[in-house]
Amino acid sequence: MLIHFFEYLSNQIEIDIMEQITYSSQVPEFISELCRTPLLQRLGKVGMNCGCEYTSFPLFRQLDSYSRLEHSIGVAKIIWKHTGDAAQTIAGLLHDIATPTFAHVIDFLNGDYIRQESTEDKTAALIHANEEIRNILSSYGIPVDAVTDYHQYPVADNDSPKLSADRLEYTLGNMVNYRFASHDKAQRLYDDIAAGQNEYGEPELVFLHPDSALEFATLSLKCSEVYCSDADRYAMQILSEIIKSAVADGIMEMDDLYMDEPAVIMKLCSDETYSARWQSYCSLDEIFHPDSDIPESRRVDAKRRCIDPYVRRQGRVSALYPEYRSALEEYLNRSLDYRIAAKCSGELLGTLQ
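What counts and what doesn't
Residues numbered from 1 in each chain as written. Predicted model: local features only at pLDDT ≥ 70, side-chain atom pairs only at ≥ 80, totals over all residues. Heavy atoms only, no water. Helix = DSSP H or I, 4+ residues; strand = E, 2+ residues; numbered from the N terminus. Buried < 20%, exposed > 50% of the residue type's maximum accessible area, 1.4 Å probe, protein only. Polar contact = N/O pair within 3.5 Å; in protein donor to acceptor, adjacent residues only side chain to side chain. Contact = heavy atoms within 4.5 Å. Pairing = 2+ DSSP bridges. Phe/Tyr/Trp six-rings, centres within 6.5 Å; stacked < 30°, edge-to-face > 60°. Lys NZ or Arg CZ within 6 Å of the ring centre and 35° of its normal.

Undergrad: Which residues make up the side chain of Asp96, and what values go with them?
TA: Topologically, Asp96 is positioned in the loop between α6 (86-93) and α7 (105-109). Since its relative accessible area comes to 8%, Asp96 is described here as buried. Polar contacts involving the side chain of Asp96 include one to the side chain of Arg68, which spans 3.3 Å. Beyond its immediate sequence surroundings of up to four residues, Asp96 is in contact with Leu43, Arg68, His71 and Ser72.

Undergrad: Break down the pairing of strand β1 (residues 193-197) for me, citing the residues and quoting the values.
TA: Sheet analysis places β1 next to strand β2 (residues 203-207), joined by 5 bridges and oriented antiparallel. When the bridges of β2 are listed, Gly196 appears paired with Glu204. Between the antiparallel neighbours β1 and β2 lie 5 residues, among them Gly201 with a positive phi of about 80°.

Undergrad: I'd like a description of the packing of aromatic side chains, backed by residues and values.
TA: Within this structure, the stated rule accounts for 11 aromatic pairs. On the numbers, 6.0 Å between centres and 90° between planes, the contact of Tyr54 with Phe102 is edge-to-face. In this pair, Tyr54 is assigned in the loop between α3 (38-41) and α4 (58-61) and Phe102 in the loop between α6 and α7, connecting sequence segments 48 residues apart. Grouping residues by exposure puts Tyr54 and Phe102 together as buried. Each ring, one from Phe207 and one from Phe216, has its centre 5.3 Å from the other, and the planes form 45°; the classification is tilted. Judged by relative accessible area, Phe207 falls into the buried class, the value being 0%. Among the aromatic residues, ring-to-ring pairing joins Tyr54, Phe102, Trp278 and Tyr281 into one connected group. Directly above the ring of Phe180 sits Lys222, whose terminal nitrogen or CZ lies 4.3 Å from the centroid. Above the ring of Tyr274, the side-chain terminus of Arg277 is found at 4.6 Å from the ring centroid.

So, in structure tokens, the structure goes:
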């Protein structure tokens, strides 16, 4: 599985893994033009599951390849369908260009467990510095500053637990990839969404029917449980420590994280010690809770990602369905203040340190 995934990333080009979900029947030419630039092509070799997909934990070892490029294209298609606005669409397409290798693992390295936004600051600078992207924008009459911050467009991004194109795309993508829903079910849920206004009079993607909204919300909560799971948190923390140590030891530099994942993995594996650490990381397959503090254990918090969709003219799912409100509150209030550790085939691995 690991070798297969590595080879896939090494050879991937502009492919949309979520093509089975038709986000938009029309794809503007500017999306294709921008996707051919090296800045976006790099994202084709940066995964959506923050390095967890390289481990052997049961959930993650079954994953199909799902890249930041595929996610970005999906976000752009969703925005285009629901706004028809080029600037908003391009802002959504470019929103992940500053994502480093292993994505939010680097937020963990920076100590930003909760917000997971420490790597976003480079987005505007990368766009301004890229002549090829500036020229494409100019050919369509789009000012650079109109696409450097997708947070300004509510359909593209908004505050959790509201629904935005970004949050919608990775939720649909992951619910299919985690085998929580079929492509057909994901398509059906997506087709029930329209651009509308929420209870505050703000633009938001809304559901047309409450039963679809509840089904989506329930599946999104299952995805949220994965993002906060012991395996996910432990894997991201351990990988951040491996990278931090590799930088301190001169095996790689922080700027190397803006290469793609195969290139960074090759850097790690060029050193005998870090090659062993990487292979040990990839071999992790079982989480346990130690009775006492041990060197391999960690206490790791995490961002509580969640969605409480709005149903047009009816309200949020949590207001319409008390059972969902209870499940959401339990998830948001659950303590992660305990130590976790991992094994490979029943054995602790010492080469991670």
